[in-house]
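Each chain, written out:
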Amino acid sequence: MGNTVPMGHSRTHQTRLIMPSDTNHHKSIFGGQVLRYIDEIAALAAMKHSNGEVVTASIDSVDFVSSAYAGDVLELDAVVTSTGRSSMEVYVRVTCLDIKSGAERLTTESFVIMVAVDEEGKPREVAGVYPETETDRRLFETGPMRREYRQMKRQMGPR
Ligand SMILES: CC(C)(COP(=O)(O)OP(=O)(O)OC[C@H]1O[C@@H](n2cnc3c(N)ncnc32)[C@H](O)[C@@H]1OP(=O)(O)O)[C@@H](O)C(=O)NCCC(=O)NCCS
């Protein structure tokens, strides 16, 4: 494709209210539910960037650094941070807001690899990205290192 677009083009924000049905017997949200939200917002950011369909190729390890409970609000932010030929690395940050106190804390952050696909599900080429803010620049510049690390892990994996 050859062209590049600003990271801001893919930036996506979502707000979720945690309902009792999203929580386990400790009354905190299921990790799998947070993963679903991460997958969805990463797909939206990648679809915006690539102007079409995408599939999830991989999700980097996800560490849950704090819990969230029914009635809390989850704020999710996603942005495409680097690209390959057809793959896009999407950074997702999840914070939890206690509506009553206004306190906000990090729940988790992760990188998701989305691949742009055509009507037959075959990988298709995507545009590159360029950063516009200092935070975006840090994410952009460290992208190649993470890509190399993932490739190394795949080579070491069971397949
Ligand atoms: C992801 C998928 C499209 C890759 O197709 P493929 O025929 O293996 O194509 P390629 O080997 O050319 O890989 C395409 C790109 O995906 C990347 N990729 C594939 N698997 C990856 C993985 N596990 N982790 C990171 N990147 C991956 C490749 O590095 C390549 O990137 P690039 O084009 O930017 O260089 C294909 O494996 C697929 O459809 N998987 C199922 C996706 C799905 O259904 N997800 C929902 C959950 S089940």
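Refer to the structure printed above.
Everything numeric here is computed off the predicted structure, so don't read it as measured data.

## Quick notes on the sheet that holds strand β6 (residues 104–116)
- The antiparallel open sheet is built from 5 strands, whose spatial order is β2-β4-β5-β6-β3. The sheet is open, and its two borders are formed by β2 (12–17) and β3 (54–59), each paired with just one other strand. Averaged over all pairs of adjacent strands, the angle between strand axes in this sheet comes to 30°, irrespective of strand direction.
- Contacting β3, β4 (73–83), β5 (87–97) and β6, helix α2 (residues 134–156) runs over the sheet at an angle of about 70° to β4.

## Regarding the site of the ligand
- Taken together, 15 residues sit near the ligand, with Ser58, Gly84, Arg85, Ser86 and Ser87 positioned nearest.
- Broken down by secondary-structure element, the contributors of at least two residues to the shell around the ligand are β3, β6 and α2.
- The dominant element in the shell around the ligand, judged by the number of residues it contributes, is β3, at 4 residues.
- Looking at side-chain class alone, the shell around the ligand contains 6 nonpolar, 6 polar and 3 charged residues.

## Let's talk about helix α1 (residues 31–50)
- In this model, α1 (20 residues) spans 28 Å end to end at C-alpha, consistent with the 28 Å of a helix rising 1.5 Å per residue.
- Where α1 is concerned, the buried positions are Val34, Ile38, Ile41, Ala42, Ala45, Ala46, His49 and Ser50. For α1, the angular spread of buried residues about the axis comes to 160°, placing them on one side. In α1, the exposed residues that point more than 90 degrees away from the buried face are Gly32 and Arg36.
- The elements touched by buried residues of α1 are β1 (4–6), β2, β3, β4, β5 and β6.

## A short note on the pairing of β5
- Counting buried positions along β5 yields 8 of 11 residues, so the element is predominantly enclosed.
- Taken together, the 10 bridges between β4 and β5 define a ladder with antiparallel strand orientation. Residue Val73 lies in a different strand from β5, and its bridge partner there is Leu97.
- Between β4 and β5, which pair antiparallel in sequence order, lie 3 residues.
- In terms of strand pairing, β5 meets β6 through 11 bridges, oriented antiparallel. Bridge assignment links Arg93 to a residue of β6, and that residue is Glu109.
- Here β5 folds back onto β6 in antiparallel fashion, the turn holding 6 residues, of which Gly102 has a positive phi close to 80°.

Parameters at a glance
Residues numbered from 1 in each chain as written. Predicted model: local features only at pLDDT ≥ 70, side-chain atom pairs only at ≥ 80, totals over all residues. Pairing = 2+ DSSP bridges. Helix = DSSP H or I, 4+ residues; strand = E, 2+ residues; numbered from the N terminus. Axes fitted to C-alpha atoms, helices over the stretch in contact; angles between N-to-C directions. Contact = placed C-beta atoms within 7 Å. Near = placed C-beta within 6 Å. Nonpolar A, V, L, I, M, F, W, Y, C, P; charged D, E, K, R; others polar. Expected span 1.5 Å × (residues − 1). Buried ≥ 20, exposed ≤ 12 C-beta atoms within 10 Å, placed from the backbone. Arc of directions from axis to C-beta.

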